[in-house]
Amino acid sequence: HWDTELRGKDGRDPAVGAYVERDDRFADFFDRVSGLVESLVPAYRQEGKTSLAIAIGCTGGQHRSVFVTEKLANALAENGWQVSTRHRELERRDRASKPG
């Protein structure tokens, strides 16, 4: 949002991801979040749970939260977990931009 060239893009765009990752705090933040999630998922399975919902938000719901969600989903999938994602604010934006 703060970079006008990136404002119309979302967190799935590599340029947005690069911008988010440039924040000195990002690597530590992501390592902690992904470590927490990856430690919880096996416990949920052992308890017989069939799903775990994880919500990640940010102010506008188009840049940082989308990037973090995609990155976390990819990390989980690479470790063999079945993952699905939903970007609520992007869905709202897409519905609002459609005619009719």
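Residues numbered from 1 in each chain as written. Predicted model: local features only at pLDDT ≥ 70, side-chain atom pairs only at ≥ 80, totals over all residues. Heavy atoms only, no water.

Trainee: I'm lost on a nonpolar patch on the surface in this one. Help?
Mentor: On the surface, Leu36, Leu40, Leu52 and Ile54 cluster together into a nonpolar patch covering about 320 Å² of accessible area. As for its placement among the helices and strands, Leu36 is situated in helix H2 (residues 26-46). (Patch = residues over 30% accessible without salt bridge, like charges linked within 9 Å, V, L, I, M, F, W, Y side chains within 5 Å. Areas by Shrake-Rupley, 256 points an atom, 1.4 Å probe, with all protein chains shown as cover. Salt bridge = Lys/Arg side-chain N within 4 Å of Asp/Glu carboxyl O. Helix = DSSP H or I, 4+ residues; strand = E, 2+ residues; numbered from the N terminus.)

Trainee: Looking at this model, I keep getting lost on the packing of H2 against helix H3 (residues 64-78). Mind explaining?
Mentor: Pairs of packed helices are described in terms of their axes, by the angle between the two and the distance that separates them. The N-to-C vectors of H2 and H3 enclose an angle of 45°; their axes lie 11 Å apart at closest approach. It follows from the interaxial angle that H2 and H3 lie oblique. For the pair H2 and H3, the crossing hand works out as right-handed. Note on element contacts: H3 touches H2 through Phe67, Val68, Lys71, Leu72, Ala75 and Leu76, opposite Phe26, Phe29, Phe30, Val33, Ser34, Val37, Glu38 and Val41. Among the residues making up the contact of H2 with H3, the classes are represented as 11 nonpolar, 1 polar and 2 charged. (Axes fitted to C-alpha atoms, helices over the stretch in contact; angles between N-to-C directions. Parallel < 35°, antiparallel > 145°, perpendicular 65-115°, else oblique. Left-handed = near helix turned anticlockwise from the far one by under 90°. Contact = heavy atoms within 4.5 Å. Nonpolar A, V, L, I, M, F, W, Y, C, P; charged D, E, K, R; others polar.)

Trainee: Would you mind showing me how to read the nonpolar core here?
Mentor: The nonpolar side chains of soluble globular proteins are, as a tendency, buried together. Counting 12 residues, the largest nonpolar core consists of Leu6, Val16, Val20, Phe26, Phe30, Val37, Val41, Phe67, Val68, Leu72, Leu76 and Trp81. For this core, the secondary structure elements donating two or more residues are helix H1 (14-21), H2 and H3. With residues near it in sequence (within four places) discarded, Val20 still touches Phe26, Arg64 and Phe67. (Core = buried A, V, L, I, M, F, W, Y, C linked by side-chain atoms within 4.5 Å. Buried < 20%, exposed > 50% of the residue type's maximum accessible area, 1.4 Å probe, protein only.)

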